[in-house]
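# An overview of the molecular structure
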Amino acid sequence: MLNLRFIGPTGCLLAGSLLLGGCFEPAKPKKSATEEKRIRLAMLQPPRSGLTPLSDDAFKLSRWSNAETLVVLNANGDAEPALATEWQQIDERRWRFVLRQGVSFHDGSLMTAQSVVRSLSAAMNAAPKPRILDGVELSVATEGDNAVVITTAHPDPLIPQRLSSPQLAILAERAYAANGVVNPLQAGTGAFVLTEINGTSSARLNRFEGYWGEKAAAPGIDVSFVPDSNARAAALRTGSADLVEALPVSQLPLIEAGLIHEVPMPRTNTLYLNTRLGAFSDPAVRAAAAAAVQRQQLVDNVYEGRADLANGLLGPALPWAASLRQPQPAKQAAAVQGKTITLATFSDRAELPEVAVYLAQQLSAAGFIVKQEVREYAHIEADALAGKFDAFILSRATVLDSGDPVAYMYSDFACQGSFNIAQLCDPKVDEALTLAAAIPAGAQRRQAIIEAESRILATHAAIPLLHERVIQGEAGAMQYAERDPRERRLVTPHSVISAGQP
């Protein structure tokens with residue numbers, strides 16, 4: 001059992017002898033009448049790669065309305081104009097995008113077709129590539145001053161959706177160093193300009209007066225990175241933050257109900273099993289682990305009912321999935337008495353260590369000898385991707401990048417996937433993913449996606465546990481914060497701290 005003990009007014013905690021994340025120290029806004037209404041934002045994870053948009057840090061830039069893409073996705077996952085105003089498919093491998101005129105970067109330079117070529121080419125040439133480009137080969141060329149043509153090596157019906165990924169944001173020339181490092185300071189096109197990055201502790205943004213769209217209502221954003229989820233909850237309770245990401249379920253009874261906002265999201269809590277090394281290289285042992293998992297216990301006891309049971313990788317945020325899914329036939333399970341496994345997860349999401357405790361009990365009851373390992377995500381990701389654990393619990397967004405699950409499935413379960421924690425390489429899975437990827441958006445593609453999901457589930461490389469919900473904290477004075485299931489938007493040009501409120 002985890003021995004949790006609160007210390008200090010902000011709720012920093014110890015788990016055994018392991019310190020789970022830093023205490024909340026809000027970024028200190030500069031003292032002025034205008035900046036008293038700056039938005040104080042407490043975020044879950046610190047930057048992993050210096051806020052380069054070619055990493056997962058891109059989603060922070062997007063959530064701050066700082067860096068923008070050619071297109072955005074609406075609630076249905078359809079592409080809509082952003083830095084591109086229109087597009088058309090020329091043939092099965094070429095797309096033409098017309099660019100918005102009069103867009104200025106934060107350093108005052110103008111966005112041109114060459115700007116788009118430079119940014120997208122940098123993403124294609126990055127090592128590793130942004131995961132939205134896993135398995136994708138494309139080139140981009142200018143067509144006059146106001147359009148670009150994107151050519152793919154193979155037909156790709158989802159090019160507009162791919163270009164909505166925050167990892168393909170368009171930045172000014174100043175962002176791109178000769179050594180391949182991308183620095184987003186004063187280089188975006190969004191409503192807020194990034195002016196300071198203070199390592200993994202904080203960041204500061206100011207309203208961009210030259211924004212092409214509606215000017216930001218708030219004068220700026222003061223961001224603090226707070227991995228300790230209890231410290232984030234304390235910041236909301238004490239008024240140290242106006243907007244808080246990922247409130248832990250365990251702290252919700254201590255928070256005023258009107259400050260809590262909950263939205264089902266395309267995020268699945270999944271147990272990944274190492275199919276290449278160790279006990280779970282045997283499919284029958286993986287089947288035994290799958291049979292041992294009791295999902296309802298996790299939903300009831302860890303998430304206090306604020307989650308949905310998982311019958312597949314795709315949850316209720318994609319309502320079409322359940323109606324297409326077929327029951328999985330039972331697989332022959334092996335006897336596992338005495339097999340030793342290491343079960344790992346990370347502490348940044350407060351529920352996951354507790355999920356690990358329950359899963360360890362369930363797997364132990366089935367005959368496994370379970371060792372547990374918990375670290376902050378930044379200190380455990382590399383080992384997880386290298387296959388150093390037998391099992392890994394991950395909270396994973398399933399349509400984060402393109403609004404379509406194929407990119408996530410390829411990244412996590414294809415032989416060449418860049419986020420393949422399960423170390424899976426199954427020809428049937430690759431075949432199903434290749435087929436789904438080639439079909440245009442619509443009913444036929446959705447059916448192919450579910451068939452690919454079925455192939456993945458049949459391997460027991462991943463055991464979906466539950467589908468999470470966004471639990472976001474907003475102070476009483478916080479108005480018009482975005483409640484985005486895809487976690488792309490948070491502070492928008494409309495977001496503001498209302499006058500006269502504390």
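Everything discussed here concerns the structure shown above.
My aim in this report is to walk through the structure given alongside it, one point at a time. Residue positions are given per chain, counted from 1 along the sequence in the order it is written. Given that this is a predicted model, residues contribute local features only at a pLDDT of at least 70 and side-chain atom pairs are listed and counted only at 80 or more, while totals for whole chains, interfaces and linings are drawn from all residues. The basis for the side-chain values is all heavy atoms of the structure; hydrogens and waters are excluded.

## Some points on the overall build of the protein chain
Inclusion rule: Under the DSSP-based scheme used, a helix requires at least four consecutive residues in state H or I and a strand at least two consecutive residues in state E, with every element numbered from the N terminus. Values of the radius of gyration come from C-alpha atoms, whereas the globule rule sets the reference at 2.2 Å times the count of residues to the power 0.38. Shrake-Rupley sampling with a 1.4 Å probe provides the accessible areas, and residues are treated as covered by the protein chains on show and by no other component. In summary, the charge assignment counts Lys and Arg as positive and Asp and Glu as negative, without counting His or the chain termini. Every charge is mapped to an atom, namely NZ of Lys, CZ of Arg, CG of Asp or CD of Glu.
When helices and strands are counted, the protein chain shows 12 helices and 22 strands. Taking 502 residues into account, the globule formula puts the C-alpha radius of gyration at 23 Å, and the protein chain, at 23 Å, falls close to it. For the protein chain, the spread of C-alpha atoms along the principal axes amounts to about 65 × 60 × 40 Å. Accessible area of the protein chain: about 20300 Å², with a carbon and sulfur share of 50%. Distance from the positive charge centre (46 side chains) to the negative charge centre (52 side chains) of the protein chain: 2 Å.

## What to know about the sheet that holds strand β8 (residues 94–99)
Selection rule: We call two strands paired when DSSP finds no fewer than two bridges between them. Axis lines are fitted through C-alpha atoms, for helices just across the contact stretch, and the angle between N-to-C directions can take any value from 0 to 180 degrees. Residue contacts are defined here by distance: any two heavy atoms, one from each residue, within 4.5 Å place the two residues in contact.
Taken in spatial order, the 4 strands line up as β7-β8-β10-β9 in an open sheet, and their pairing is antiparallel. Of all strands in the sheet, those with a lone pairing partner are β7 (84–91) and β9 (138–142), marking the two edges. Between one strand and the next, the sheet's axes are offset by a mean angle of 20°, whatever the strand orientation. The pairing of β8 with strand β10 (residues 147–152) spans 5 bridges and is antiparallel. Of the residues in β10, the one forming a bridge with R96 is V149. Contacts from helix α2 (residues 113–125) reach β8, β9 and β10 within the one sheet, and its direction differs from that of β9 by about 165°.

## Here we look at empty space enclosed by the protein
As a reminder of what qualifies: Grid points spaced at 1 Å and placed over the protein atoms alone form the basis of the search, with a cavity being a set where a 1.4 Å probe fits but cannot get out and a pocket an open set showing protein on both sides within 12 Å along at least five of seven lines. Lining residues have an atom within 4 Å of a point. Grid points are joined across faces, edges and corners, and a volume is the space filled by probe spheres set on the points. By the convention adopted, Pro, Cys, Tyr, Trp, Phe, Met, Ile, Leu, Val and Ala count as nonpolar, Lys, Arg, Asp and Glu as charged, and the other residues, Gly among them, as polar.
Taken as a whole and assessed by the stated rule, the structure comprises 5 cavities of 30 Å³ or more. One number sums up the size of the largest cavity: a volume of about 750 Å³. As for the largest cavity, its lining consists of 43 residues, and the residues nearest its centre are L44, Q45, R267, R349 and E487. Put simply, the parts of the chain that give the lining of the largest cavity at least two residues each are α1 (58–63), α4 (229–238), β15 (260–273), β19 (391–397) and β20 (462–474). Among the elements that take part in the lining of the largest cavity, β20 stands out by supplying 5 residues, more than any other. Classifying every residue of the lining of the largest cavity gives 20 nonpolar, 4 polar and 19 charged.

## Points about the pairing of strand β4 (residues 39–43)
Note the threshold: Burial classification: accessible surface area is computed with a 1.4 Å probe over protein chains only, and a residue below 20% of its type maximum counts as buried, one above 50% as exposed, and the rest as partly exposed.
Judged by how many residues are buried, β4 sits mostly within the fold: 4 of 5 residues are covered. As paired strands, β4 and strand β13 (residues 220–225) are joined by 5 bridges and run parallel to one another. Across the sheet, R40 pairs through a bridge with D222, a residue of β13.

## Notes on the packing of helix α11 (residues 427–437) against helix α12 (residues 443–459)
Put simply, the rule is: Our angle categories are set so that under 35 degrees counts as roughly parallel, over 145 as roughly antiparallel, 65 to 115 as roughly perpendicular, and the remainder as oblique. Should the near helix be turned counterclockwise from the far one by less than a right angle, the crossing is left-handed, whereas a clockwise turn marks it as right-handed.
α12 packs onto α11 with a crossing angle of 165° between their chain directions and a minimal axis gap of 9 Å. Taken together, the axes of α11 and α12 are roughly antiparallel relative to one another. At the point where α11 passes α12, the crossing takes the left-handed sense. Only R445, A448, I449, A452, R455, I456 and T459 of α12 make contact with α11, whose side of the interface consists of K428, V429, E431, A432, L433, A436 and A437. The class makeup of the residues in the contact of α11 with α12 is 9 nonpolar, 1 polar and 4 charged.

## A word on unusual backbone geometry
The omega torsion of the bond from A127 to P128 falls at 0°, within 30 degrees of zero and hence cis. At A246, a position not held by glycine, the phi torsion is positive, near 50°. Mapped onto the secondary structure, A246 falls in the loop between β14 (243–244) and β15. Its identity is not glycine, yet H460 carries a phi of approximately 55°, on the positive side. In this fold, H460 is placed in the loop between α12 and β20. What makes H460 buried here is its relative accessible area of 17%.

## Brief notes about the nonpolar core
Inclusion rule: Side-chain atoms within 4.5 Å link the members of a nonpolar core, which is a set of buried Ala, Val, Leu, Ile, Met, Phe, Trp, Tyr and Cys residues.
By size, the foremost hydrophobic cluster in this structure holds 81 residues, and its most contacted members are L271 and L465. Every residue in contact with L465, bar those within four places of it in the chain, is listed here: N269, T270, L271, V293, R295, L298, L309, A310, V355, L359 and I393. By size, the runner-up hydrophobic cluster in this structure holds 63 residues, among which are W95, L120, L243 and V491.

## A closer look at the packing of aromatic side chains
Two numbers describe a pair of aromatic rings. These are the distance of the centres and the angle of the planes. For clarity, the threshold we go by: For this analysis, a ring pair means two rings from Phe, Tyr or Trp (six-membered ring only for Trp) whose centres lie within 6.5 Å, classed as stacked if their planes differ by under 30 degrees, edge-to-face if by over 60, and tilted for the remaining angles.
If you walk through the whole model with that rule in mind, you get 9 aromatic pairs. With 6.4 Å between their ring centres and 25° between their planes, F346 and F392 make a pair best called stacked. Residue F346 is found in strand β17 (residues 340–346), and its partner F392 is found in strand β19; the two are separated by 46 residues along the sequence. Assessed through its relative accessible area of 2%, F346 is described here as buried.

## Quick look at the packing of helix α10 (residues 405–413) against α11
Put simply, α10 and α11 touch, their axes get as near as 10 Å, and they point 155° apart. As the angle between them shows, α10 and α11 are arranged roughly antiparallel. Taken as a pair, α10 and α11 cross one another with a handedness that is left-handed. Facing α10, whose interface residues are V406, M409, Y410 and F413, α11 presents V429, D430, L433, A436 and A437. A per-class count over the contact of α10 with α11 returns 8 nonpolar, no polar and 1 charged.

## Describing the environment of D56
This is how the line gets drawn: N or O atoms closer than or at 3.5 Å make up a polar contact, with two conditions inside protein: a donor-capable atom paired with an acceptor-capable one, and, for residues adjacent in sequence, both atoms drawn from side chains.
Tracing the backbone shows D56 in the loop between β4 and α1. In this structure D56 comes out as partly exposed when scored by relative accessible area, which is 23%. Counting along the chain gives 75 residues from D56 to R131, while the straight-line C-alpha distance between them is 9.0 Å. Discounting residues that sit within four places of it in the chain, D56 has contacts with R48, R131 and Q167. A polar contact is formed between the side chain of D56 and the side chain of R131, at a distance of 2.4 Å.

## Observations concerning the environment of V293
By the element assignment, V293 lies in the loop between α5 (283–292) and α6 (295–301). Judged by its relative accessible area of 8%, V293 is buried. With 65 residues separating them along the chain, V293 and Y358 place their C-alpha atoms 9.2 Å apart. Residues in contact with V293, not counting those within four places in the same chain, are L271, L359, Q362, I463 and L465.

## With respect to the state of the cysteines
For the record, the criterion: Note on terminology: pairs of cysteine sulfur atoms within 2.5 Å are recorded as disulfides.
This model, assessed by the stated rule, comprises 1 disulfide. Residue C415 pairs covalently with C425 via a disulfide, S to S 2.0 Å. Torsion about the S-S bond of the C415 and C425 cystine: about 95°, corresponding to right-handed handedness. Of this pair, C415 sits in the loop between α10 and α11 while C425 sits in the loop between α10 and α11, and the two are 10 residues apart along the sequence. Given the relative accessible area of 24%, C415 is considered partly exposed.

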